[in-house]
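Listed below are the residues making up each chain.
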Amino acid sequence: MLNVRLIAVGKLRERYLAEGCAEYQKRLGAFCRLELVELPEARLAEKPSEAQIEAALSKEAEQVLERAKGSYLIALCVEGRAMPSKALSERLSKLAVDGISAVSFVIGSSFGLSPRVKAAADLCLSMSEMTFPHQLMRLMLLEQLYRAFSITAGGKYHK
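Caption draft 1: Region of interest: the packing of aromatic side chains. The full count for this structure, using the stated rule, is three aromatic pairs. The interplanar angle of 55° and the centroid separation of 5.9 Å between the aromatic rings of Y24 and Y146 together place this pair among those described as tilted. Of the two residues, Y24 is situated in helix 1 (residues 15-28) and Y146 in helix 5 (residues 134-153); the sequence distance between them amounts to 122 residues. By relative accessible area, which is 15% here, Y24 ends up buried. When the centroid spacing of 6.0 Å and the interplanar angle of 5° are considered together, the rings of F31 and F149 count as stacked. Pair noted here: F31 is in the loop between helix 1 and strand 2 (32-39) and F149 is in helix 5, with a separation of 118 residues, a long-range link. Geometry around Y146 places R27 over its ring, the cationic atom sitting 5.3 Å from the centre.

Caption draft 2: Expanded view of the nonpolar core. I74, L92 and F105 are the most contacted members of the largest nonpolar core, which totals 30 residues. Among the elements of the structure, strand 1 (2-9), helix 1, strand 3 (72-82), helix 3 (85-97), strand 4 (102-107), strand 5 (123-126) and helix 5 are those that each provide at least two residues to this core. Ranked by the residues each element gives to this core, the list is headed by helix 5, at eight residues. Ignoring sequence-local partners within four residues, the contact set of I74 consists of V103, S104, F105, V106, L123 and L125.

Caption draft 3: Representation of the packing of helix 1 against helix 5 in the model. Relative orientation of the contacting elements helix 1 and helix 5 amounts to 20°, with a least axis distance of 9 Å. For the element pair helix 1 / helix 5, the angle class is roughly parallel. Between helix 1 and helix 5 lies a crossing of left-handed hand. Between helix 1 and helix 5, the contacting residues are L17, G20, C21, Y24, Q25, R27 and L28 on the first element and Q135, L136, R138, L139, L142, E143, L145, Y146 and F149 on the second. Considering only residue class, the contact of helix 1 with helix 5 consists of ten nonpolar, three polar and three charged.

Caption draft 4: Looking closely at the environment of T152. Mapped onto the elements, T152 comes out in helix 5. By relative accessible area, T152 is classed as partly exposed at 46%. The spacing of T152 and S89 is 63 residues in sequence and 6.2 Å in space, taken between C-alpha atoms. Beyond its immediate stretch of four places on either side in the chain, T152 contacts S89 and S93. Polar side-chain contacts of T152 include one of 2.6 Å to the side chain of S89. Side-chain polar atoms of T152 contact the side chain of S93, separated by 3.1 Å.

Basis of the calculations
Residues numbered from 1 in each chain as written. Predicted model: local features only at pLDDT ≥ 70, side-chain atom pairs only at ≥ 80, totals over all residues. Heavy atoms only, no water. Phe/Tyr/Trp six-rings, centres within 6.5 Å; stacked < 30°, edge-to-face > 60°. Helix = DSSP H or I, 4+ residues; strand = E, 2+ residues; numbered from the N terminus. Buried < 20%, exposed > 50% of the residue type's maximum accessible area, 1.4 Å probe, protein only. Lys NZ or Arg CZ within 6 Å of the ring centre and 35° of its normal. Core = buried A, V, L, I, M, F, W, Y, C linked by side-chain atoms within 4.5 Å. Contact = heavy atoms within 4.5 Å. Axes fitted to C-alpha atoms, helices over the stretch in contact; angles between N-to-C directions. Parallel < 35°, antiparallel > 145°, perpendicular 65-115°, else oblique. Left-handed = near helix turned anticlockwise from the far one by under 90°. Nonpolar A, V, L, I, M, F, W, Y, C, P; charged D, E, K, R; others polar. Polar contact = N/O pair within 3.5 Å; in protein donor to acceptor, adjacent residues only side chain to side chain.

Written as structure tokens, this is what we have:
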């Protein structure tokens, strides 16, 4: 069974998102060992400078890379590679067949991810060319992971 770690910078603030995430976490229990890691988002002024943003992303990168050590790292970012749900399913299956036991997905803060995290990633994945709130992205990723494992299992969830 694959160990999947979802590393997210920042806490979920909206109850409806937390409830949706909890539902998919429960469903994923049948397919993988899921660990959700919430890292603190760096506090910034209301209108931070580029240097302040870079420093915050660098600090977050250290925490992300430490938590992702020893796993196949997938960074979610808009400039990453887009893939259909079936391709994600095939990728996760291939990783397991190839002996990879741990996969870490990383969702950055509202300012995104440090270039260091993207450079260290084994795969940069884009969920869409559109921009979504990073908190909503957590729910979307959990749903796509459930869909990917359902595809592999031959379930009826994926249409």
